[in-house]
Each structure stands twice: as structure tokens, then as C-alpha cells.
Amino acid sequence: WSRGLRQDMDSREASWRRMASSLQCGGDHLKFRAVGPGASQFVVEQGNAPPMPLSQVPSTCGYNIQRNSLALVMLVPYDGCNMVQEV
């Protein structure tokens, strides 16, 4: 690994930790919460397609998203779009 790449990864990890994120798994959905600069900038990974900004996720996916410039709370049903169960 080059020194620059390692520093970039360290910077991203530090940013992630500052957001004080949490994930809670419920009976039929998960709840993701993040607070801090950048919390409203998350995207949905879609396999082979480009990442999709949360603002563009179709309502048919069932995501319930509440956010402002410094916080994000997202409820996602397990049967919602782009959900993958790992065992």
C-alpha cells in the first residue's frame, strides 16, 4: 500500500467514527443512524450499478429516511430494495 492510499483510508475511517453511527436490527426492518458532517451524504450500493443517492431511492423500496445537514435516521425493511441477507 502506498502511503497516500493508507492516509486516505485512515481519514475515511476517522470521518466514519466521528459520525457516531449505530445500526439496530428489528423484527422486519433495520434502523441506521448517523450524526455529524457528511451524515446526509450516504448512498445505496447496487451491485454492478453505480451507487444511488438516498434522495433517489424509489418510494416503492420502502425506505423511511429522515435527515438534515448533520443527521440521518433511516428505517429499511428487510424486503426492501438492495437488501442482501448474509448468513
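Once a new chain begins, its residue numbering starts again from 1 and follows that chain's sequence as written. Only residues with pLDDT of at least 70 are given local features in this predicted model, and only at 80 or more are side-chain atom pairs given and counted; all residues enter the totals for whole chains, interfaces and linings. Heavy atoms throughout the structure, all of them, feed into the side-chain values; hydrogens and water do not.

Focus: the state of the cysteines
1) Next: Pairs of cysteine sulfur atoms within 2.5 Å are identified as disulfides in what follows. Per the stated rule, a full pass over the model turns up one disulfide.
2) Next: At a sulfur-sulfur separation of 2.1 Å, the disulfide partner of C61 is C81. In this structure the cystine formed by C61 and C81 twists about its S-S bond by roughly -90°; its chirality is therefore left-handed. Of this pair, C61 sits in the loop between β4 (49-53) and β5 (64-67) while C81 sits in the segment after β6 (71-77), and the two are 20 residues apart along the sequence. In DSSP terms, a helix is any run of H or I states spanning at least four residues, a strand is any run of E spanning at least two, and both are numbered starting from the N terminus.

What about the pairing of β6?
1) Next: If DSSP finds at least two bridges between two strands, the strands pair. In the sheet, strand β2 (residues 29-35) pairs with β6 via seven bridges, with the strands oriented antiparallel. Within β6, the residue paired with V35 across the bridge is A71.
2) Next: Two elements, β5 and β6, share four bridges in a ladder whose sense is antiparallel. When the sheet's bridge partners are listed, N64 is paired in β6 with L75.
3) Next: In sequence, β5 turns back onto β6 through a hairpin of three residues.

Thoughts on the nonpolar core
1) Next: Think of a nonpolar core as a cluster: buried Ala, Val, Leu, Ile, Met, Phe, Trp, Tyr and Cys residues, connected wherever their side-chain atoms sit within 4.5 Å. Throughout, exposure labels follow a simple rule: accessible area from a 1.4 Å probe, protein chains only, divided by the maximum for the residue type, with under 20% read as buried, over 50% as exposed, and the rest as partly exposed. With 14 residues, the main nonpolar core has F32, L54, V57, Y63 and M74 as its most contacted residues.
2) Next: For this core, the secondary structure elements donating two or more residues are β2 and β6.
3) Next: Should any heavy atoms of two residues lie within 4.5 Å, those residues are considered in contact. The residues contacting L54, other than those within four sequence positions of it, are F42, V43, V44, I65, R67, L72 and M74.

Digging into the packing of aromatic side chains
1) Next: Here is the rule: rings of Phe, Tyr and Trp (six-membered ring for Trp) pair when centre to centre is within 6.5 Å. Planes less than 30 degrees apart are stacked, more than 60 are edge-to-face, and the remainder are tilted. Tallied over the entire structure, the rule returns one aromatic pair.
2) Next: Centre to centre, the rings of F32 and F42 are 5.2 Å apart; their planes meet at 80°, and the pair counts as edge-to-face. With F32 in strand β2 and F42 in the loop between β2 and β3 (43-46), this residue pair connects regions lying ten residues apart in the sequence.

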